[in-house]
Protein chains: 6
Amino acid sequence: MKRETVVNRSNWLDAGTATWPECRDFLAETPAAILPLGATEQHGPHLPQNTDTVLAEALAVEVAKAGSGLVLPAVPVGYSWSWRDYPGTLTFSLDTFRDVVKDLARSTHRAGCRALMTLSGHGANPGPLKMTVRELVDELDLKVLNVFYPGLDELMADAESPQWAPMNFHAEEFETSLMLYLKPERVRMDQAVREYPPRSAEYEMSTLPLGSLSRSGVFGDATVASAEKGERWFHDCVARMARVWTDFLSAPDAG
Amino acid sequence: MKRETVVNRSNWLDAGTATWPECRDFLAETPAAILPLGATEQHGPHLPQNTDTVLAEALAVEVAKAGSGLVLPAVPVGYSWSWRDYPGTLTFSLDTFRDVVKDLARSTHRAGCRALMTLSGHGANPGPLKMTVRELVDELDLKVLNVFYPGLDELMADAESPQWAPMNFHAEEFETSLMLYLKPERVRMDQAVREYPPRSAEYEMSTLPLGSLSRSGVFGDATVASAEKGERWFHDCVARMARVWTDFLSAPDAG
Amino acid sequence: MKRETVVNRSNWLDAGTATWPECRDFLAETPAAILPLGATEQHGPHLPQNTDTVLAEALAVEVAKAGSGLVLPAVPVGYSWSWRDYPGTLTFSLDTFRDVVKDLARSTHRAGCRALMTLSGHGANPGPLKMTVRELVDELDLKVLNVFYPGLDELMADAESPQWAPMNFHAEEFETSLMLYLKPERVRMDQAVREYPPRSAEYEMSTLPLGSLSRSGVFGDATVASAEKGERWFHDCVARMARVWTDFLSAPDAG
Amino acid sequence: MKRETVVNRSNWLDAGTATWPECRDFLAETPAAILPLGATEQHGPHLPQNTDTVLAEALAVEVAKAGSGLVLPAVPVGYSWSWRDYPGTLTFSLDTFRDVVKDLARSTHRAGCRALMTLSGHGANPGPLKMTVRELVDELDLKVLNVFYPGLDELMADAESPQWAPMNFHAEEFETSLMLYLKPERVRMDQAVREYPPRSAEYEMSTLPLGSLSRSGVFGDATVASAEKGERWFHDCVARMARVWTDFLSAPDAG
Amino acid sequence: MKRETVVNRSNWLDAGTATWPECRDFLAETPAAILPLGATEQHGPHLPQNTDTVLAEALAVEVAKAGSGLVLPAVPVGYSWSWRDYPGTLTFSLDTFRDVVKDLARSTHRAGCRALMTLSGHGANPGPLKMTVRELVDELDLKVLNVFYPGLDELMADAESPQWAPMNFHAEEFETSLMLYLKPERVRMDQAVREYPPRSAEYEMSTLPLGSLSRSGVFGDATVASAEKGERWFHDCVARMARVWTDFLSAPDAG
Amino acid sequence: MKRETVVNRSNWLDAGTATWPECRDFLAETPAAILPLGATEQHGPHLPQNTDTVLAEALAVEVAKAGSGLVLPAVPVGYSWSWRDYPGTLTFSLDTFRDVVKDLARSTHRAGCRALMTLSGHGANPGPLKMTVRELVDELDLKVLNVFYPGLDELMADAESPQWAPMNFHAEEFETSLMLYLKPERVRMDQAVREYPPRSAEYEMSTLPLGSLSRSGVFGDATVASAEKGERWFHDCVARMARVWTDFLSAPDAG
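Please read all numbers here as calculations on a predicted model, not as lab measurements.

Colleague: How should I be thinking about the overall build of chain A in this particular structure?
Modeller: Along chain A, the regular secondary structure elements total seven helices and seven strands. Secondary structure elements of chain A, listed N to C terminal, follow the sequence β-α-β-α-β-α-β-α-β-α-α-β-β-α. Relative to a compact globule of 255 residues, whose C-alpha radius of gyration would be 18 Å, chain A shows 19 Å and is just as compact. The burial tally for chain A puts 66% of its 255 residues in the buried class.

Colleague: Before we go on, may I ask you to explain the relation of the copies chain D and chain C in this structure?
Modeller: Each of the two chain copies goes to the other by way of a rotation about an axis and a shift along it. The transformation that overlays chain D on chain C combines an axial shift of 0.0 Å with a rotation of 180 degrees, and the residual RMSD is 0.0 Å. The two molecules are tied by a two-fold rotation axis, judged by turn and shift. Every residue of chain D has its C-alpha some distance from the rotation axis, and the shortest such distance is that of D:Thr96, at 3.3 Å. Both copies share a contact surface, since 100% of the interface residues of chain D are interface residues in chain C too.

Colleague: Is there a simple way to think about the relation of the copies chain A and chain C in this case?
Modeller: Once turned by 180 degrees and shifted 0.0 Å along the axis, chain A lies on chain C with an RMSD of 0.0 Å. A high fraction, 100%, of the interface residues of chain A reappear at the interface in chain C, so the copies pair face to face through one surface.

Colleague: It is not clear to me how the sheet that holds strand β4 (residues 115–120) of chain A should be interpreted in this structure. Could you clarify?
Modeller: Two pairing modes exist for strands in a sheet, parallel and antiparallel, and in both the strands are linked by backbone hydrogen bonds. All names here are of chain A. On the basis of which strands lie adjacent, the open sheet formed by five strands has the order β1-β3-β2-β4-β5 and parallel pairing. Edge strands, defined here as strands with exactly one partner in the open sheet, are β1 (12–14) and β5 (143–147). Along the sheet, successive strands turn relative to each other by an average axial angle of 20 degrees, direction set aside. Sheet strands touched by helix α4 (residues 126–139): β2 (32–37), β4 and β5. Its angle to β5, the strand with the most contacts, is close to 175 degrees. Sheet contacts for helix α7 (residues 227–250): β2, β4 and β5; angle to β5, the most-contacted strand, approximately 165 degrees.

Colleague: What is the right way to look at the interface of chain A and chain C in this model?
Modeller: The extent of an interface is frequently quoted as the accessible surface area lost upon association of the parts. Across the boundary between the two partners, chain A contributes 31 residues, which contact 31 residues of chain C. Together, the buried faces of chain A and chain C total about 2,700 Å²; carbon and sulfur atoms form 57% of this surface. At the junction of chain A with chain C, the criterion picks out four salt bridges. With a shortest N-O distance of 2.6 Å, C:Arg84 and A:Asp138 are connected by a salt bridge. Our count for the contact surface shared by chain A and chain C stands at twelve residue pairs in polar contact (both at pLDDT 80 or more). Put simply, the parts of the chain that give the side of chain A that touches chain C at least two residues each are α3 (94–110), α4, β5 and α7 of chain A.

Colleague: What am I meant to see in unusual backbone geometry here?
Modeller: When glycine is set aside, most residues are seen to have a negative phi, and most peptide bonds are trans. Residue and element names in this part refer to chain C. One non-glycine residue with positive phi stands out, namely Ala 171, at about 60 degrees. Examined against the element boundaries, Ala 171 turns out to sit in the loop between α5 (152–155) and α6 (173–182). By relative accessible area, Ala 171 is classed as buried at 0%.

Colleague: Mind showing me how you'd approach the arrangement of the chains here?
Modeller: The least C-alpha distance between chain C and chain E, which are not in contact, is 13 Å. Considering only C-alpha positions, the minimal separation of the non-contacting chain A and chain F is 13 Å.

Colleague: Would you mind going over the confidence of the model for chain A with me for this structure?
Modeller: Reading fine detail from the predicted coordinates is not recommended where pLDDT is low. All names here are of chain A. Overall, the prediction assigns chain A a mean pLDDT of 93, with 94% of residues at 70 or greater. Per-residue pLDDT stays below 50 along residues 1–8; that stretch engages in 26 contacts with residues further than four places along the chain or on separate chains. This prediction of the complex comes with two scores: 0.96 for pTM and 0.94 for ipTM.

Colleague: Help me understand the environment of B:Val147 in this model?
Modeller: With respect to the helices, strands and loops of the structure, B:Val147 is situated in strand β5 (residues 143–147). In this structure, the C-alpha to C-alpha distance between B:Val147 and B:Ala239, residues 92 residues apart in sequence, is 13 Å. With residues up to four places along the chain from it excluded, the contact list for B:Val147 reads B:Met117, B:Thr118, B:Leu119, B:Ser120, B:Met241, B:Val244 and F:Met205.

Colleague: What's the story with the sheet that holds strand β3 (residues 69–71) of chain F in this structure? I'm lost.
Modeller: All names here are of chain F. Spatially, β1-β3-β2-β4-β5 is the arrangement adopted by the five strands of the open sheet, whose pairing is parallel. At either margin of the open sheet sits one strand with a lone partner, and together these are β1 (12–14) and β5 (143–147). Strand-to-strand twist of the sheet, defined as the mean angle between neighbouring strand axes without regard to direction, takes the value 20 degrees. Sheet topology places strand β2 (residues 32–37) next to strand β4 (residues 115–120); six bridges connect them, and they run parallel. Among the inter-strand pairings, Leu 35 is bridged to a residue of β4, identified as Thr 118. Contacts between helix α2 (residues 51–66) and the sheet are confined to β1, β2, β3 and β4, with β2 contributing the most and set at about 160 degrees to the helix. Where helix α4 (residues 126–139) meets the sheet, it contacts β2, β4 and β5, and its direction lies at approximately 175 degrees from that of β5.

Colleague: Honestly, helix α2 (residues 51–66) of chain D in this entry has me stumped. Any pointers?
Modeller: All names here are of chain D. Between its first and last C-alpha, α2 extends 22 Å over 16 residues, near the 22 Å set by a 1.5 Å rise per residue. For α2, a buried count of twelve out of 16 residues is recorded, marking the element as mostly surrounded by other parts of the structure. All of the buried residues in α2 are Thr 51, Asp 52, Thr 53, Val 54, Leu 55, Ala 56, Ala 58, Leu 59, Ala 60, Val 61, Val 63 and Ala 64. Among the structural elements, β1 (12–14), β2 (32–37), β3 (69–71), β4 (115–120), α6 (173–182) and α7 (227–250) are those in contact with the buried residues of α2.

Colleague: Whenever I open this one, the packing of helix α2 (residues 51–66) of chain E against helix α6 (residues 173–182) of chain E confuses me. Can you help?
Modeller: For any two helices packed against each other, the geometry is given by the interaxial angle and the distance between the axes. All names here are of chain E. One can describe the packing of α2 onto α6 by two numbers: an axis separation of 11 Å at closest approach and a directional angle of 65 degrees. Relative to α6, the element α2 is oriented roughly perpendicular. Judged by the sense of rotation from one axis to the other, the crossing of α2 with α6 is left-handed. Facing α2, whose interface residues are Thr 51, Asp 52, Val 54, Leu 55 and Ala 58, α6 presents Glu 175, Leu 178, Met 179 and Leu 182. Taken together, the residues of the contact of α2 with α6 break down into six nonpolar, one polar and two charged.

Colleague: Please explain the interface of chain D and chain C as it appears in this structure.
Modeller: Each side of the interface is counted separately: chain D has 56 residues, and chain C has 56 residues. Between the two partners, chain D and chain C, sit four salt bridges. A salt bridge links C:Arg188 to D:Glu22; the nearest nitrogen and oxygen atoms lie 2.7 Å apart. On inspection of chain D and its partner chain C, the count reaches 22 residue pairs in polar contact (both at pLDDT 80 or more). The leading source of residues in the side of chain D that touches chain C is helix α3 (residues 94–110) of chain D, at eight residues. Partitioned by chemical class, the residues of the side of chain D that touches chain C number 21 nonpolar, 22 polar and 13 charged.

Cut-offs and rules
Residues numbered from 1 in each chain as written. Chains lettered and ligands numbered in written order. Predicted model: local features only at pLDDT ≥ 70, side-chain atom pairs only at ≥ 80, totals over all residues. Heavy atoms only, no water. Helix = DSSP H or I, 4+ residues; strand = E, 2+ residues; numbered from the N terminus. Rg over C-alpha atoms; globule rule 2.2 N^0.38 Å. Buried < 20%, exposed > 50% of the residue type's maximum accessible area, 1.4 Å probe, protein only. Least-squares fit on C-alpha atoms with pLDDT ≥ 70 in both. Contact = heavy atoms within 4.5 Å. Pairing = 2+ DSSP bridges. Axes fitted to C-alpha atoms, helices over the stretch in contact; angles between N-to-C directions. Buried area = accessible area lost by both parts, 1.4 Å probe. Salt bridge = Lys/Arg side-chain N within 4 Å of Asp/Glu carboxyl O. Polar contact = N/O pair within 3.5 Å; in protein donor to acceptor, adjacent residues only side chain to side chain. pLDDT = per-residue confidence, 0-100. Expected span 1.5 Å × (residues − 1). Parallel < 35°, antiparallel > 145°, perpendicular 65-115°, else oblique. Left-handed = near helix turned anticlockwise from the far one by under 90°. Nonpolar A, V, L, I, M, F, W, Y, C, P; charged D, E, K, R; others polar.

Next comes the structure, spelled out in structure tokens:
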């Protein structure tokens with residue numbers, strides 16, 4: 001607050017490992033931040049519970065490097081109501097999830113930030129996020145972009161196994177491949193399974209938790225995952241996310 | 001939920017890197033968890049903003065190893081109102097902080113946990129925690145212990161520099177030494193300073209944020225820190241925490 | 001409460017026009033209810049603002065006739081944040097919307113109802129509803145189904161104009177046709193327009209209100225609507241909704 | 001928002017059946033609105049549950065015609081705690097009722113409205129409303145008038161049956177007569193009863209729900225109702241309400 | 001909790017001046033309490049701001065003596081929105097007022113109390129109280145009676161000055177007389193005035209604060225007050241209140 | 001509000017016994033107030049439950065006389081979770097306590113007050129207060145000082161009995177002495193006891209209520225109390241409190 005300025009020469013900064021004068025200097029030049037939103041929830045018998053946090057964090061850092069922004073600490077818990085009966089799963093209520101995101105946005109906004117990207121590694125976060133950020137932009141002078149694997153269908157055109165349902169996949173070929181690339185020591189491929197729980201056309205309409213449909217916690221085929229696919233898909237995701245983020249930052253009035 | 005049980009043979013488990021069947025099996029045997037509570041806030045010009053998170057997480061793992069428990073993911077943001085004007089500091093409001101802790105306790109309790117230790121790496125968390133956990137134990141069948149550096153005065157008897165105020169220290173000899181031991185690559189000792197901001201006897205009574213008292217963000221003397229002290233103090237802390245936790249778990253009616 | 005029972009011989013009942021003894025008798029035999037959720041919001045220059053309410057109400061009555069249930073009064077306001085800058089649009093906040101739905105479910109549950117279908121005429125209601133009903137089923141012994149035009153893509157295969165975006169249409173061929181069938185006197189076809197506002201691939205990710213994209217409030221082509229299509233589509237919708245509702249009621253453990 | 005203005009030449013408008021450009025033009029000339037507040041609750045064995053909604057809506061339209069204003073959609077549920085044990089009755093909690101009214105006022109205010117009349121058809125709404133609108137006028141630049149049958153004692157001087165208690169009547173001569181005039185097809189006069197539940201001087205002081213006092217749900221004498229009285233009383237009510245509304249709109253500083 | 005019981009031989013007890021074993025013993029025999037609800041608000045130029053608190057407290061003690069009950073400490077602030085622009089007036093919001101009453105009821109209920117009388121000295125408390133105690137009886141096994149000068153019209157038949165409006169009086173003959181009897185040293189009769197602010201038939205319908213109608217804060221005639229009338233009225237009030245309270249306690253199912 | 005000003009010539013005023021014009025005039029000259037925060041809770045077998053309220057009120061009046069300020073009515077209930085199982089104890093939840101303090105601060109601020117001292121007579125109030133007033137100063141243009149027996153250790157150097165724990169005393173020598181000085185008729189010295197409940201080093205960390213540790217409710221030695229000590233300590237406290245209050249008022253930017 002009162003120290004001499006040291007100009008930050010990088011296009012990105014990690015808010016956790018940086019010092020406060022570095023944050024101050026960075027935001028003064030680049031008033032933009034990226035918030036990785038993870039989860040601690042069941043990911044089948046072979047993936048660690050923090051899979052979504054690991055992915056969100058790794059993607060956020062690479063997107064910041066490819067674009068720009070202050071990377072905020074990954075929130076390690078999300079809105080995981082669907083898995084709440086799997087021992088080990090942690091979940092925020094809708095209200096807590098909303099307040100967490102708002103408080104982080106408010107803190108960053110107070111420090112000068114004017115554009116925020118939330119980057120969800122967990123597929124049930126975007127729903128609550130959509131409503132949360134509407135309340136945020138009505139409160140703060142802040143523009144917000146919510147990103148969750150943009151263009152995934154296109155990107156996964158070469159996957160070996162089908163998605164369980166449109167944009168509905170969990171602990172399967174895609175997530176397992178990314179983890180095999182990023183944290184191979186955490187993946188127990190000997191435990192990986194293929195499970196396509198029965199689905200009626202109406203599953204989206206009821207309050208039946210997804211968790212009660214699956215025996216293993218897997219929705220798709222984890223056995224065909226590989227680190228090679230993970231590497232390709234990870235970098236493709238980074239490129240797509242960096243593009244929408246850069247476009248967003250440069251749009252005259254995106255709101 | 002439906003898989004065959006694989007008996008967990010360890011006395012501790014990391015809820016983030018474990019799979020859900022491992023969590024299930026662990027809690028069935030050991031219904032106890034440890035929640036590290038960190039912060040992302042200014043720690044002077046020489047320490048990273050995640051200092052309190054790093055410390056809480058490292059301590060939690062070692063305490064779990066020395067005692068027992070499921071280590072929950074460290075919450076990387078705390079109640080940091082006092083530093084809210086340092087760019088980079090993130091803070092939860094009292095209500096958000098309370099809800100975060102409650103939701104994590106509820107999730108773990110749902111999975112069978114009956115004893116929880118919160119382990120704060122940040123000195124402003126215990127105040128809100130005290131009231132939070134009272135509400136929790138009125139709601140759940142859960143006993144809770146709040147730990148923040150027990151016996152620190154005794155432990156730091158051999159420190160070279162005095163505390164700024166009783167149990168009031170920040171980014172100084174103690175915290176810097178611990179970080180020099182745990183994350184030396186993150187400590188910029190060339191930026192370390194000694195600052196004892198003026199304090200009147202009444203500072204505790206007003207709403208003047210601590211942040212407005214210090215120029216550097218340091219309250220104490222960071223220049224005399226060393227990895228050696230950090231190592232000694234860290235393990236002494238672990239031992240003290242493990243002792244109160246073990247005593248708490250074995251007490252017949254600790255509440 | 002205390003009068004002699006008059007057995008209700010119908011499979012459906014309108015909770016508004018019925019008397020309370022009729023409601024009592026009906027729910028004693030058929031503990032199921034349908035809640036139409038409408039909106040009062042801009043629907044272009046040619047459709048009345050209550051379009052979604054009219055549609056939800058008409059569909060609910062026909063679905064109840066084709067299946068069964070107590071038809072609750074249509075809620076005439078929804079979650080219409082996106083159109084909040086069009087004068088005339090009324091909107092509930094997320095919290096108010098949630099509380100309204102919860103209070104109606106609680107009241108009906110207190111009267112004996114154990115299965116509830118929400119039937120949204122407004123495309124922005126299902127998002128908040130999904131989270132709302134999860135909280136409801138955790139609180140009450142009630143199973144809930146959320147219905148919003150199931151199978152619409154299939155049903156509209158013979159439409160003349162394309163949807164603006166997947167499942168994203170407003171005041172266009174479909175809605176206008178339904179209104180031409182149900183309330184022709186309220187449709188000003190001389191004002192009907194065709195407008196396909198520009199859309200980037202990212203529009204779903206930002207907080208840009210849809211309202212700021214369109215000049216007229218129409219997303220699609222209203223000019224090609226007809227009462228004939230409206231009649232066909234309306235009854236097709238009723239049949240599809242009645243089917244999922246009947247399946248839901250007869251499922252052993254749909255939750 | 002962006003279309004050419006078509007001057008609204010009427011002194012009133014229905015926000016439900018109007019289009020948004022009509023609302024925009026109307027409010028630009030007449031920044032005043034009327035909000036009918038109904039109920040879905042027991043009205044004895046002979047009146048429909050939506051009696052209060054039907055009355056509030058019909059009165060609002062006529063008052064708007066006699067005075068001026070944008071008629072908002074009638075809220076079909078009110079604060080009906082007293083009847084919550086009659087199957088069929090729907091009730092909002094105090095908080096939900098308050099939030100519903102506030103959100104509608106906020107939406108209308110955002111569109112330019114500066115004067116609002118709430119018109120209650122249900123006798124338990126005015127209590128919560130009084131406190132609600134105080135909070136509203138502290139928040140918005142809006143003046144609010146709460147109307148519930150002004151001058152009713154005077155107006156009913158020629159009734160054949162006495163009120164059960166001062167301003168305390170339900171499903172009796174007055175309400176039944178109005179419904180016989182407005183919706184004769186919905187009134188089952190063969191089921192109409194006369195019931196004066198016992199009342200102690202203290203009934204207002206306890207939390208005993210009115211509902212537990214009456215066998216039929218009627219408080220008064222429904223058997224002496226007639227469409228002729230209903231017609232006279234309805235138009236007398238409209239005249240009185242229009243007068244206070246017009247006075248209110250023209251008062252220099254009514255708040 | 002653990003001391004030997006000393007049987008309380010009195011029919012009433014002051015929870016403030018009593019010790020906790022006395023409270024324990026009293027409630028074990030007489031599970032009934034009286035909560036005086038006062039205000040700190042303008043009472044004209046001649047009466048102290050705590051007039052309503054003084055009256056509620058004195059009445060509560062005498063009613064307890066004449067009937068029975070644990071007298072809780074008088075709440076010195078009420079719902080005084082109407083006077084919020086008179087410097088010196090303190091007011092609770094509706095929510096705070098509600099929570100205060102609820103927490104006191106919950107505490108007393110936890111100690112065994114099963115019947116509660118709220119005794120308001122302030123005329124704007126009963127409105128919020130009515131809704132508050134409904135929520136309370138839905139939550140607790142507690143019956144509640146709200147008392148505010150029962151039978152006042154009858155009792156004041158011999159007053160010299162008329163009420164400003166029905167049951168609407170403030171700092172006038174009645175309140176001033178009671179204070180002249182109870183706290184003569186606090187009444188500045190040389191400052192007492194007579195003021196009948198203009199009232200339209202509609203004043204109850206608008207949100208115009210009463211406070212903006214009166215110059216002095218008096219609504220009625222304070223100049224004709226006397227200690228003699230105060231004494232007679234005070235004891236008459238006590239007798240009426242004690243009667244309804246005793247009836248309430250002995251009623252088999254008053255709720 | 002509209003009467004001629006009568007200049008208040010005193011340095012303090014009691015908001016309860018004063019009239020509103022006196023409050024108006026006082027605050028116009030001295031925009032400062034003192035809020036005594038008491039409790040109704042067990043104080044052993046010999047002290048009245050309102051001990052903390054009596055002390056806070058008496059101290060507030062004397063501090064106002066020695067310094068300056070409008071003395072607000074003492075809040076007779078505090079945050080007394082620890083004693084909630086002693087029949088007679090009343091407690092506010094954290095949220096209610098916070099709202100009460102905020103509403104009183106808001107009311108006083110609306111009347112012109114710009115500096116507020118909270119004066120707690122109860123040792124569990126300062127914790128919640130600290131967080132409460134931070135939210136207050138972020139909302140209002142008000143500086144706030146929280147006072148709870150400053151310098152007590154120094155002041156009690158001549159006590160005959162030790163404190164149970166640092167700054168942790170209840171119904172013992174200190175409180176009993178003060179009450180013997182202020183309200184001797186309320187102290188039952190024949191019931192006074194000496195009790196030092198067992199304490200482990202960890203008692204502060206658990207949620208074990210203090211109440212479950214003590215048999216009598218006393219934490220210390222009440223038997224050695226005397227009015228003489230009470231007189232000396234009371235005036236010493238007043239002097240210390242008046243000093244910090246006066247310093248606070250004159251500090252240029254205390255916040």
